[in-house]
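Residues per chain are reported as follows:
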Amino acid sequence: MALSNGTDIRSDRLGAAYTFPMGLKVGLIWDKTRAIAKTTGVETNRKAWALPMSYRTGAHNVSFTWGKAGDVSVGGVTTASSDTKMTMLGYEYSLSKRT
């Protein structure tokens, strides 16, 4: 994908999930993003991954995701302390068709 400022971006993502018979679903997502500035040729890289989990019982669904993005590498030089972590907690209630 090319942005209007002349930067080419490529992102590779791989994900998988498995649902256990009791309603527990566990997944894993891996992502690698690379951006190359056409004017300078500088390449920026970052890798990230996430572990999403959810539990469904009847109309109730509780979900939790934990993710981490690694340090940013610009032109082969890693930027210290540029990593980040993310957590998310969610709840969903499915209404009946009559509602």
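Above: the structure in question.
Summarised in this report is the structure supplied together with it. (Residues numbered from 1 in each chain as written. Predicted model: local features only at pLDDT ≥ 70, side-chain atom pairs only at ≥ 80, totals over all residues. Heavy atoms only, no water.)

Position of Gly 58 relative to the elements: it lies in the loop between β3 (43-57) and β4 (60-69). Put simply, Gly 58 and Ile 36 are 22 residues apart on the chain and 47 Å apart in space, counted from C-alpha to C-alpha. (Helix = DSSP H or I, 4+ residues; strand = E, 2+ residues; numbered from the N terminus.)

Right, let's talk about the pattern of salt bridges for a bit. Evaluation of the coordinates by the stated rule reveals 5 salt bridges. Between Asp 8 and Lys 38 there is a salt bridge, with its nearest N and O atoms 3.9 Å apart. A residue pair is termed long-range when its members are at least 10 positions apart, and Asp 8 in strand β1 (residues 7-19) and Lys 38 in the loop between β2 (24-37) and β3 qualify at 30 residues. Judged by its relative accessible area of 31%, Asp 8 is partly exposed. Lys 68 is the salt-bridge partner of Asp 83, the closest N and O atoms lying 3.3 Å from each other. Residue Asp 83 is found in the loop between β6 (77-78) and β7 (84-93), and its partner Lys 68 is found in strand β4; the two are separated by 15 residues along the sequence. A relative accessible area of 35% places Asp 83 in the partly exposed class. On the basis of relative accessibility, which here comes to 24%, the residue Lys 68 falls in the partly exposed class. (Salt bridge = Lys/Arg side-chain N within 4 Å of Asp/Glu carboxyl O. Buried < 20%, exposed > 50% of the residue type's maximum accessible area, 1.4 Å probe, protein only.)

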